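Summary of the model geometry
Spelled out from the first residue to the last, the chains are:
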Amino acid sequence: MARVPRHRRLVLPLLCLLFQGATALLFAIFVRYNHETDAALWHWGNHSNVDNEFYFRYPSFQDVHVMVFVGFGFLMVFLQRYGFSSVGFTFLVASLTLQWATLLQGFLHSFHGGHIHVGVESLINADFCAGAVLISFGAVLGKTGPAQLLLMALLEAVLFSVNEFILLSLLGVRDAGGSMTIHTFGAYFGLFLSRVLYRSQLEKSRHRQSSAYNSDLFAMIGTIFLWVFWPSFNSAPTALGDGQHRTVVNTYYSLTASTLSTFALSALVSGDGRLDMVHVQNAALAGGVVVGTSSEMMLTPFGALAAGFLAGTVSTLGYKFFTPILESRFKLQDTCGVHNLHGMPGVLGAILGVVVTALATHEAYGDGLQSVFPLIAKGQRSATSQAVYQLFGMFVTLVFASVGGSLGGLLLRLPFLDSPPDSQCFEDQVYWEVPGEQETETQRPLRAGESDTQA
Amino acid sequence: MARVPRHRRLVLPLLCLLFQGATALLFAIFVRYNHETDAALWHWGNHSNVDNEFYFRYPSFQDVHVMVFVGFGFLMVFLQRYGFSSVGFTFLVASLTLQWATLLQGFLHSFHGGHIHVGVESLINADFCAGAVLISFGAVLGKTGPAQLLLMALLEAVLFSVNEFILLSLLGVRDAGGSMTIHTFGAYFGLFLSRVLYRSQLEKSRHRQSSAYNSDLFAMIGTIFLWVFWPSFNSAPTALGDGQHRTVVNTYYSLTASTLSTFALSALVSGDGRLDMVHVQNAALAGGVVVGTSSEMMLTPFGALAAGFLAGTVSTLGYKFFTPILESRFKLQDTCGVHNLHGMPGVLGAILGVVVTALATHEAYGDGLQSVFPLIAKGQRSATSQAVYQLFGMFVTLVFASVGGSLGGLLLRLPFLDSPPDSQCFEDQVYWEVPGEQETETQRPLRAGESDTQA
Amino acid sequence: MARVPRHRRLVLPLLCLLFQGATALLFAIFVRYNHETDAALWHWGNHSNVDNEFYFRYPSFQDVHVMVFVGFGFLMVFLQRYGFSSVGFTFLVASLTLQWATLLQGFLHSFHGGHIHVGVESLINADFCAGAVLISFGAVLGKTGPAQLLLMALLEAVLFSVNEFILLSLLGVRDAGGSMTIHTFGAYFGLFLSRVLYRSQLEKSRHRQSSAYNSDLFAMIGTIFLWVFWPSFNSAPTALGDGQHRTVVNTYYSLTASTLSTFALSALVSGDGRLDMVHVQNAALAGGVVVGTSSEMMLTPFGALAAGFLAGTVSTLGYKFFTPILESRFKLQDTCGVHNLHGMPGVLGAILGVVVTALATHEAYGDGLQSVFPLIAKGQRSATSQAVYQLFGMFVTLVFASVGGSLGGLLLRLPFLDSPPDSQCFEDQVYWEVPGEQETETQRPLRAGESDTQA
């Protein structure tokens, strides 16, 4: 079994220490509590429940937090020999991304008086950024080492935050659940990065690029927590009251429909009518992605079902027919099929957002127009022009993701980053001490200090 | 390994598409946002926090959602070769049930002006219906195919909704946590259905009807999430304020007591004092079932402990002594032992509800009587007559469940529904592409398009 | 395989029945609903949302509940042949502890008019006590039987409650997230107990004291839920409003930093640069422990990062270098390394609390001083004297834990408690019916009543 070369084994710890040190320094200089977390600035008198958003957002935040770590982490455990890396590197990369996102989003969105002010909204937004990074991780899963992933996360957190700022703040685009900013961006960033890192000799590791019975069950832990909590994901940043409530309802129904179409299509496209666990683990979730932009809008429950059904269909067909073509024709190796779960459903979700936005009327939204489409409510834009901005936001996202992912691929080719060799991809032992399977009764030799001691 | 016959492999996808298409059409015609989810109908001005039930019910709803999908899904993974089907069919069947329950409960409970109006209460109630369907699934686990399960779910969702409507709306029965409407109904529906589908040759698959070490651990994921979130299950639909709070406290203590009696009885009834994982996985949860009706009432913390202790005892004894008799004498094959976890504890819970209702006084409930027993508070019923209605509700439930389950069994015998042969029960490979166990270093032959490509 | 001796197989069930019976009796006499759970005492009119703490504490409570059962339970599944015992005994011991803690904490904290009054705060505090007991369980994991654990839990629940009462109520010490009362107490109680139970012949079971690939993945379920929900753990009992909000933010960032330092140190201290799953499963969580006392204070986000980084470092180094010394020199066998995850980070957290308290000023806390340091706000103590009390509280905790743990060890040596023999440690089969691994196609002989029956 290949080991990490001696002279390179310091790269990961040094990167961790360097990044954590630099980030902590920036925290010391710039990051402060906001008016709801600072003991000296907060008073129940001023902040009745109605104002105190913390209590309205905290349950959703915790659901999102579960999705990022349990959901994405375990979803990627499906590979038979890459479970330690899947959950472990998720843990590592997401932890650092949460800190970076706090800084980057803070500089762009909540920088006042020389300081970034943090509260529960900062945590939600940081988790969203980590979600995008983990989507990209899915594209290169098994083919990149942890030092590469840290650099990827750093670059991606920067570009994610800039893209998000351009869309939400400069263009006034609506994208609460992140069909564009999270799913489309994360997927295409990862796919372009994977394209640059294309391995022509990956077949040397192909025997490990499949699941085992138990690893598929572990992956279903990830799937189900993602599925169950997705209503919280899409609603976490939306307007309090009807906004969050409507988003929850839409997302819930969309996911039920994508599950139905996934089972139908999975059985239809297989040779013998049997279902494929890959489809169930992934495509069933496409209903959450596809309503990311539009679930806060007046999509209608029927609209949610139709969108979810379409997304599950496209995603399942993508796994069956499109992923092999991407690899053979376009030299694009997409380990988790993020193009099918996040890429195509994300773009579909952006387009759905364009359509639903174009149909927005004062009549349908009433006073709620102010919170969903503030620029239309203020008369600064028509529904059509807002729809055009939405469409433009999607293209901006695709440009950022593709250029950024390509640059990221070049960055990750730096030789000292210790990429696994072609024959050692999808293998935990490259980076982890790995135990054997359950022993039965074989005796281990005694270690020094263990024997002959007496109480 | 048996495969799905060629001419039948279209049954599942066509049923999925047909059902989803018809349901979506009904959604388009009938389902609308309610006044708390519709942007045009909702205003913070009118709806202060106190009114906005969404924020008081959403955390409980998410816990219930986790219980339905993670809890029931993984609890059934205990079979050594049926994990894909357990979580996969849970996913499929529950998704469709959520849509149907929205329609059926909506027509019966919230149909105004030609429309069903949905919000978080709709989602909670739909999840409850899915819970009942999954309980029935537990009785026939491993012996029915997905197409059969979809038909079962359709019939059961209809009868569940009608039974629930009769109890809660026509009879004025109290059953917040569903000892009757969910557990008793789901269990006996499934048991009668399983009776009709009795397989005399099931011993051909008996070697698969047991757990493996890791499958038992996966099942414990289900158990523990059910156990931890059960207070939310029972309290999700109760009155805000003291109602939800009291329900949580009662359910919490009841579960601790059923856990204790489960361990005590499991060790007592085994031949050699060793514990049985089946008891711990299931009977420990009986404390949640048994207080389903009464946990919103003034059960007292001691009452909760006593009820839970009794339920754990009855459930464990049921697994040890009653389940084998049900099979050998009554030809009732109950894979998960739902009779022990949901059937008997559900009936006990209904009876406990009768007793606690009969003891209700204006003194004990004060102003709270209005929310727990509105008909007694209004003077339309005495506590005794309310108790009689509760008892009557239990019998109505048993009639609906037994007749419905029997009809369901006949329905599921339709030959094109592709039931697994007796020798292929409890086996994922009938319906799923199943990977092998973790490979070590065996090389797989290259597939076309994988070799000789160069970046 | 060794079995439980015949004459001892009644010990566990009789202890369960005796303890549950006595506890239920005490519940009947003493435990009543409090003013927020009693139907007759509660009115929306008097209790607007702002007052009704239930809704502000319930989501955090549920997260804590998940941590205790899913988190601690699965974290200990890492041993290859002790998964049933890890989750099973967690379930058993924690259930009884929840009841005892309700009584003990109730007598000490909320005993009015001859009764203990319970509500959601009781449940949170009981879960905290169960957390401490499970930490101690981690030290003796695999070396104690369930009857021993029940006695340990009884003694520990008493001493935990007394120690907590002395610190929080008599000394006025602040320790919301329990760096002292939960982590330091639980760890040293378990360690002293383990010292008394030292087994000189434990090498006979050493071949089972390691993980397997899948058992490590199960343990990561525990780790990730602990990590994700730790902000709720530390904030569950803090002041509403800014107190809970600030605690969440501090804990969140501290955990990201302990994760980073864990990965850095794990790679640095290994011989070949490879990561160790034990470190990731445990040391990554030290950031939650170390801010247990100070996360409700004005720690600053940078302070949280620094504290978490330090804790992850100390904890990882502890696993690598200190645990072997503890065993070889001090005859202290610490199965889960609770000294590294809870002991040292707990003491560090207490000291951090001393420092942050000493730095408290009226300026920094403003009106919030009242809720964080009420005695300073009232002018009864200076910040320095409060800091001295904090330090004193740590020493009180260490005394209670060490004396109590030692006594507990003597208690657990009672011969009828059925401790596993040295050669049968870390083995589920001593206490559980254990299935084999997944069978393939071996046929089992028919049992009576299974064959020749016809539908």
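Our subject is the structure listed above.
What comes next concerns the included structure. Going along each chain's sequence as written, the residues are numbered from 1 onward. Whichever chain is written first is A, and whichever ligand is written first is 1; the rest continue in order. Where totals are concerned, whole chains, interfaces and linings use all residues; where local detail is concerned, this predicted model gives features only for residues with pLDDT of at least 70, and gives and counts side-chain atom pairs only at 80 or more. Here the side-chain values reflect all heavy atoms present in the structure, with hydrogen atoms and water set aside.

1. Section: the pairing of strand β3 (residues 115-118) of chain C
All names here are of chain C. Partly exposed residues are those whose accessible area sits between 20% and 50% of the maximum for their type, while under 20% is buried and over 50% is exposed, using a 1.4 Å probe and protein chains only. For helices the rule is a DSSP run of H or I covering at least 4 residues; for strands it is a run of E covering at least 2, with both sets numbered from the N terminus onward. Burial of β3 is one-sided: the residues Ile116 and Val118 facing one way are buried, the residues His115 and His117 facing the other way are not. Pairs of strands are assigned from DSSP output, requiring at least two bridges between the strands. Relative to β3, strand β1 (residues 31-33) runs parallel, the two sharing three bridges. Bridge pairing in β3 links tyrosine 33 to valine 118. Sheet topology note: the strand β2 (residues 111-112)/β3 ladder contains two bridges and is antiparallel. Each bridged residue has a counterpart across the sheet, and for phenylalanine 111 the counterpart in β3 is isoleucine 116.

2. Considerations on the relation of the copies chain B and chain A
For the pair chain B and chain A, the best superposition has an RMSD of 0.0 Å and corresponds to a rotation of 120° with a translation of 0.0 Å parallel to the axis. Expressed as a symmetry operation, the mapping of one chain copy onto the other fits a three-fold axis. When C-alpha distances to the rotation axis are compared across chain B, the minimum falls at proline 59 of chain B, with a value of 3.7 Å. Of all interface residues in chain B, a mere 11% are interface residues in chain A too; the two copies therefore contact each other through different surfaces. The copies are overlaid by a least-squares fit using only the C-alpha atoms of residues whose pLDDT is at least 70 in both copies. Contacts: residue pairs with any heavy atoms within 4.5 Å of one another.

3. A look at the side chain of serine 205 of chain A
All names here are of chain A. Tracing the chain through its elements places serine 205 in the loop between α6 (179-196) and α7 (213-235). Among the residues examined, serine 205 registers a relative accessible area of 0% and is labelled buried. The definition of a polar contact used here is a pair of N or O atoms within 3.5 Å, where within protein one atom must be able to donate a hydrogen and the other to accept one, and adjacent residues in sequence count solely through side-chain atom pairs. Here aspartate 422 takes part through its backbone oxygen, which lies 2.4 Å from a polar atom of the side chain of serine 205. At 3.4 Å, the side chain of serine 205 and the backbone nitrogen of glutamine 424 are in polar contact. The contact partners of serine 205, leaving out residues within four places of it in the chain, are Asp422, Ser423, Gln424, Cys425 and Phe426.

4. Description of the pattern of salt bridges
For side chains bearing opposite charge, pairing can occur when the charged atoms are close. Salt bridge, as used here, is a side-chain nitrogen of Lys or Arg placed within 4 Å of a carboxyl oxygen of Asp or Glu. Enumeration over the complete set of coordinates arrives at 25 salt bridges over all chains. Here arginine 274 of chain A ties to aspartate 272 of chain A by a salt bridge, and the two come within 3.0 Å at their closest N and O atoms. Side by side, arginine 274 of chain A and aspartate 272 of chain A carry an identical accessibility label, which is buried. The shortest N-O distance in the salt bridge between glutamate 53 of chain B and arginine 57 of chain B comes to 2.8 Å. By relative accessible area, which is 7% here, arginine 57 of chain B ends up buried. Among the ionic contacts, a cluster of salt bridges with common partners joins Arg81, Arg208 and Glu427 of chain A.

5. Digging into the interface of chain B and chain A
Taken together, the contact pairs 88 residues of chain B with 79 residues of chain A. Taking both sides of the interface into account, the surface hidden between chain B and chain A amounts to around 7600 Å²; carbon and sulfur atoms contribute 67%. With a shortest N-O distance of 4.0 Å, glutamate 433 of chain B and arginine 274 of chain A are connected by a salt bridge. Summed over the shared surface of chain B and chain A, the result is 24 residue pairs in polar contact (both at pLDDT 80 or more). Sorting elements by how many residues they give to the side of chain B that touches chain A places helix α3 (residues 83-109) of chain B first, with 12 residues. Classification convention: Asp, Glu, Lys, Arg as charged; Ala, Val, Leu, Ile, Met, Phe, Trp, Tyr, Cys, Pro as nonpolar; all other residues, Gly among them, as polar. The class makeup of the residues in the side of chain B that touches chain A is 48 nonpolar, 25 polar and 15 charged. Defined in terms of a 1.4 Å probe, buried area is the accessible area two parts forfeit on being brought together, summed over both.

6. Describing the interface of chain C and chain B
Contacts between the two partners involve 88 residues from chain C and, on the opposite side, 78 residues from chain B. Summing the contributions of chain C and of chain B, the shared interface buries around 7600 Å²; its carbon and sulfur component is 67%. For the side of chain C that touches chain B, the secondary structure elements donating two or more residues are α1 (11-30), β1, α2 (53-75), α3 (83-109), α4 (120-140) and α7 (213-235) of chain C. In terms of residue count, the dominant contributor to the side of chain C that touches chain B is α3 of chain C (12 residues). Looking at the side of chain C that touches chain B residue by residue, the class counts come to 48 nonpolar, 25 polar and 15 charged.

7. A few points about the packing of aromatic side chains
Note on aromatic contacts: the rings of Phe and Tyr and the six-membered ring of Trp form a pair at centre separations within 6.5 Å, being stacked when their planes are under 30 degrees apart, edge-to-face when over 60 apart, and tilted otherwise. Enumeration over the complete set of coordinates arrives at 84 aromatic pairs over all chains. Pairing phenylalanine 160 of chain B with phenylalanine 185 of chain B gives two aromatic rings, centres 6.0 Å apart and planes at 70°, and the pair type is edge-to-face. Here phenylalanine 185 of chain B lies in helix α6 (residues 179-196) and phenylalanine 160 of chain B lies in helix α5 (residues 146-170), a separation of 25 residues in the sequence. Taking the relative accessible area as the measure of exposure, phenylalanine 160 of chain B reaches 0% and is therefore buried. Here the aromatic residues Phe27, Phe54, Tyr55, Tyr58 and Phe61 of chain A together with Phe56, Tyr252 and Tyr253 of chain C are joined through ring pairs into a cluster of three or more. A cation over a ring is seen here: arginine 381 of chain A above tyrosine 389 of chain A, with NZ or CZ 3.4 Å from the ring centre. Charges are assigned to positions over rings by a cutoff of 6 Å between ring centre and Lys NZ or Arg CZ, combined with an angular limit of 35 degrees from the ring normal.

8. Topic: α1 of chain C
A turn of α-helix holds 3.6 residues, and therefore any two residues three or four places apart point the same way. Working rule for helices: expected span equals 1.5 Å times residues minus one. Its 20 residues place the ends of α1 of chain C 28 Å apart at the C-alpha level, agreeing with the 28 Å of an ideal helix rising 1.5 Å per residue. Within the span of α1 of chain C, buried status applies to Val11, Leu12, Pro13, Leu15, Cys16, Phe19, Gln20, Thr23, Ala24 and Phe27 of chain C.

9. Examining the relation of the copies chain C and chain B
Mapping chain C onto chain B calls for a screw motion: a turn of 120° about the axis and a shift of 0.0 Å along it, with 0.0 Å RMSD after fitting. Take the interface residues of chain C: only 11% of them recur as interface residues in chain B, which is what a contact between different surfaces looks like.

10. Thoughts on unusual backbone geometry
As a rule of thumb, non-glycine residues mostly have phi less than zero, and peptide bonds are mostly trans rather than cis. All names here are of chain A. Unlike most non-glycine residues, aspartate 418 shows phi in positive territory, near 65°. Inspection of the secondary structure puts aspartate 418 in the segment after α16 (383-412). A relative accessible area of 12% places aspartate 418 in the buried class. Even without being a glycine, phenylalanine 426 presents a positive backbone phi close to 55°.

11. Things to note about the packing of helix α3 (residues 83-109) of chain A against helix α5 (residues 146-170) of chain A
All names here are of chain A. The angle between two axes is taken between their N-to-C directions and runs from 0 to 180 degrees, where each axis is a line fitted to C-alpha atoms and a helix contributes only its stretch in contact. Contact geometry of α3 with α5 gives a least axis separation of 9 Å together with a crossing angle of 35°. For the pair α3 and α5, the sense of crossing is right-handed. By residue class, the composition of the contact of α3 with α5 is 17 nonpolar, five polar and one charged. Handedness of each helix crossing follows the sense of rotation of the near helix against the far helix: counterclockwise by less than a right angle gives left-handed, clockwise gives right-handed.

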